[in-house]
Amino acid sequence: MAQPTRIFTDVDYEQDGKQVGWLYLPYSITRSAYGNISIPVACIKNGKGPTVLFTAGTHGDEYEGQIALCKLVRSLQPSDIRGRVIIVTAANLPAAMAGTRVSPLDEGNLARLFPGDSDGTPTRAIAHYIDTVLFPMVDFYHDLHAGGSSLDYVPFASMRKSGNPELDARAMAALRAFAPPTGLVWAHSLDSGLSVGSAIGAAIRRGIVTLGGEFGGGGGVSITGVRVVERGIRNLLVHAGCMAPDGGPKEEPPRTRLMEVRGQDYFVLASEAGLFEPFVELSDWVQAGQPCGQIHFVDNPAREPVPITFRAAGMVVCKRRFGRVERGDCVAHLATDWKG
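Residues numbered from 1 in each chain as written. Predicted model: local features only at pLDDT ≥ 70, side-chain atom pairs only at ≥ 80, totals over all residues. Heavy atoms only, no water.

Enquirer: What is the right way to look at the packing of aromatic side chains in this model?
Expert: By convention here, two paired aromatic rings are described through the distance between centres and the angle between planes. On inspection of all chains with the given rule, the structure shows 6 aromatic pairs. Three or more aromatic residues joined by ring pairs form one cluster here, namely Phe114, Phe135 and Tyr141. We note Arg303 situated over the ring of Phe297; from NZ or CZ to the ring centre the distance is 3.7 Å. (Phe/Tyr/Trp six-rings, centres within 6.5 Å; stacked < 30°, edge-to-face > 60°. Lys NZ or Arg CZ within 6 Å of the ring centre and 35° of its normal.)

Enquirer: What is the right way to look at the pairing of strand E2 (residues 17-26) in this model?
Expert: Strand residues, when the strand is regular, have side chains that alternate between the two faces of the sheet. With 2 bridges joining them, strand E1 (residues 8-9) and E2 adopt antiparallel strand pairing. The residue bridging Phe8 from the neighbouring strand is Tyr24, located in E2. Note: E2 against strand E3 (residues 36-46), 10 bridges, orientation antiparallel. Paired with Lys18 across the bridge in E3 is Ile44. (Pairing = 2+ DSSP bridges. Helix = DSSP H or I, 4+ residues; strand = E, 2+ residues; numbered from the N terminus.)

Enquirer: What exactly am I supposed to notice about the pattern of salt bridges here?
Expert: Any two side chains of opposite charge can pair if their charged atoms end up close together. One pass over the structure, following the stated rule, counts 14 salt bridges. Between Asp337 and Arg257 there is a salt bridge, and its shortest N-O distance comes to 2.8 Å. Taken together, the residues Asp337 in strand E19 (residues 330-337) and Arg257 in strand E11 (residues 257-261) connect sequence positions 80 residues apart. A salt bridge links Glu260 to Arg262; the shortest N-O distance between them is 2.8 Å. Judged by its relative accessible area of 0%, Glu260 falls in the buried class. Residue classification places Arg262 among the partly exposed residues on the basis of a relative accessible area of 43%. Members of the salt-bridge network, linked through shared partners, are Glu272, Arg303 and Arg327. (Salt bridge = Lys/Arg side-chain N within 4 Å of Asp/Glu carboxyl O. Buried < 20%, exposed > 50% of the residue type's maximum accessible area, 1.4 Å probe, protein only.)

Enquirer: Just checking my understanding: could you explain the sheet that holds strand E16 (residues 306-309) for this structure?
Expert: Hydrogen bonds between backbone atoms are what pair the strands of a sheet, whose relative direction is either parallel or antiparallel. Spatial strand order, E16-E15-E13-E18: 4 strands in an open sheet with antiparallel pairing. Bordering the open sheet on either side are E16 and strand E18 (324-325), each of which pairs with just one other strand. Where strand E13 (residues 274-278) meets E18, 2 bridges bridge the pair, whose relative direction is antiparallel. Within E18, the position partnered with Gly274 by the bridge is Val325.

Enquirer: Please clarify how helix H3 (residues 122-134) should be interpreted in this entry.
Expert: Each α-helix turn comprises 3.6 residues. Residues three or four places apart therefore point the same way. For H3, spanning 13 residues, the distance from its first C-alpha to its last is 17 Å, which sits close to the expected 18 Å at 1.5 Å a residue. With 10 of 13 residues buried, H3 lies mostly within the body of the structure. For H3, every residue scored as buried is listed here: Pro122, Thr123, Ala125, Ile126, Ala127, His128, Tyr129, Ile130, Asp131 and Leu134. Packing partners of the buried residues in H3 comprise E1, E2, E3, strand E4 (51-55), strand E5 (83-88) and helix H5 (199-205). (Expected span 1.5 Å × (residues − 1). Contact = heavy atoms within 4.5 Å.)

Enquirer: Help me understand the packing of helix H4 (residues 165-178) against helix H6 (residues 223-240), please; the structure alone is not making it clear to me.
Expert: Angle between the axes and distance between the axes: these two values describe a pair of packed helices. Two elements in contact, H4 and H6, have axes separated by 7 Å at closest approach and are oriented at 130 degrees. As the angle between them shows, H4 and H6 are arranged oblique. The chirality of how H4 crosses H6 is right-handed. Between H4 and H6, the contacting residues are Ala173, Ala174, Ala177 and Phe178 on the first element and Val228, Val229, Gly232, Ile233, Asn235, Leu236 and His239 on the second. Across the contact of H4 with H6, the residue classes tally to 8 nonpolar, 3 polar and no charged. (Axes fitted to C-alpha atoms, helices over the stretch in contact; angles between N-to-C directions. Parallel < 35°, antiparallel > 145°, perpendicular 65-115°, else oblique. Left-handed = near helix turned anticlockwise from the far one by under 90°. Nonpolar A, V, L, I, M, F, W, Y, C, P; charged D, E, K, R; others polar.)

Enquirer: What's the story with the packing of helix H1 (residues 64-75) against H6 in this structure? I'm lost.
Expert: Viewed as axis vectors pointing N to C, H1 and H6 meet at an angle of 45 degrees, and their least axial separation amounts to 9 Å. Our classification of the angle between H1 and H6 gives oblique. The crossing of H1 and H6 is right-handed. Contacts between H1 and H6 involve Glu64, Ile67, Ala68, Leu69, Lys71, Leu72 and Ser75 from the former and Gly225, Val226, Val229, Glu230, Ile233 and Arg234 from the latter. Residues that form the contact of H1 with H6 fall into these classes: 7 nonpolar, 2 polar and 4 charged.

Enquirer: Is there a simple way to explain the environment of Ala335 in this structure?
Expert: Along the chain, the position of Ala335 falls in strand E19. Contact partners of Ala335, with chain neighbours within four places excluded, come to Leu184, Met259, Glu260, Val261, Tyr266, Gly314, Met315 and Val317.

Enquirer: Just to check I follow, could you spell out the nonpolar core for this structure?
Expert: A general tendency of soluble globular proteins is for nonpolar side chains to be buried together. Of all hydrophobic cores here, the largest spans 38 residues; its most connected members are Phe54, Leu69, Val85, Ile87, Phe178 and Ile233. The residues contacting Ile87, other than those within four sequence positions of it, are Pro40, Val41, Ala42, Ile44, Phe54, Leu69, Leu72 and Val73. Ranked by size, the runner-up nonpolar core spans 32 residues in total, among them Leu25, Ala90, Met137 and Tyr141. (Core = buried A, V, L, I, M, F, W, Y, C linked by side-chain atoms within 4.5 Å.)

Enquirer: Quick question: what am I supposed to make of unusual backbone geometry here?
Expert: Glycine aside, negative phi is the norm for most residues, and most peptide bonds take the trans geometry. Residues Phe114 and Pro115 are joined by a peptide bond in cis, for which omega reads 10 degrees. Relative to the assigned elements, Pro115 resides in the loop between helix H2 (93-98) and H3. Residue Glu107 is not a glycine yet carries a positive backbone phi of 60 degrees. In this structure, Glu107 sits in the loop between H2 and H3. Positive phi values are uncommon outside glycine, yet Ala179 reaches one of about 60 degrees. Tracing the sequence through the fold places Ala179 in the loop between H4 and strand E9 (182-186). Relative accessible area serves as the criterion here: at 9%, Ala179 is assigned to the buried category.

What follows is the structure, encoded as structure tokens:
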């Protein structure tokens, strides 16, 4: 049996109405012996119906989702919905406040520490709360990401293949309803996939219809990315049955181009430590064997640069933001049109 969470809150998830409060994680330090990490949470509820959970700030330097969810907290009213919407604008609050991918308190990457540990470090305790308290209430989950400081992304919403055809079909329907300009299917991921530790994997294993997405990057805020998220989360609420369609005139969303990441060869990794010069931009279409860029050695300028090539053909949906690389850093990755 899982240990009970140490996180407490005054928000009552079963109460109708709109509540905006905090999840309090006890954290005793010199400045505050009985201190707490105060993670913002909102619950908007109107009778019986589906529950949709939105999280952002899982990585603290990914901002489009954080901004869009702050706007949603302020604007969404109980009369707008049927059921329940739970919003966590900055899930890994210490990372969000520091503007870093991982928590400055424990170097914890919240997207990689599920199912967490109630008695563990702060990031593990947050993961445990999401997994054991929030996920059991949820029918639909969208974890909003971006490329963070080190990567730039073409804005897209995404789903991961679970191996369960019925759940995958429901996730695909949700992805289409979100109506992003690009919809990405993760058939392969370089790091977490559905492995133990993945936040999205933990939600999928509980049978939740789960979406992700990368809506910008480079440590900045994409105007396009924020707009895609704002429009998409309301589309998802309508699809989930939480919100009635808007009967008034509305902007026609762009047609979604469905793409997928099919294998490890879609990723380009640095083979040396040095200064990476890219040869391609986001949205460029490339061929296998085409140069992706080259690595220079500023400490040994007479040394010839080392070329890095693509191993597959496809569209560049991600490229590295930082110039300096170490061996093994991802400098780009591709996607190709979805084949179903």
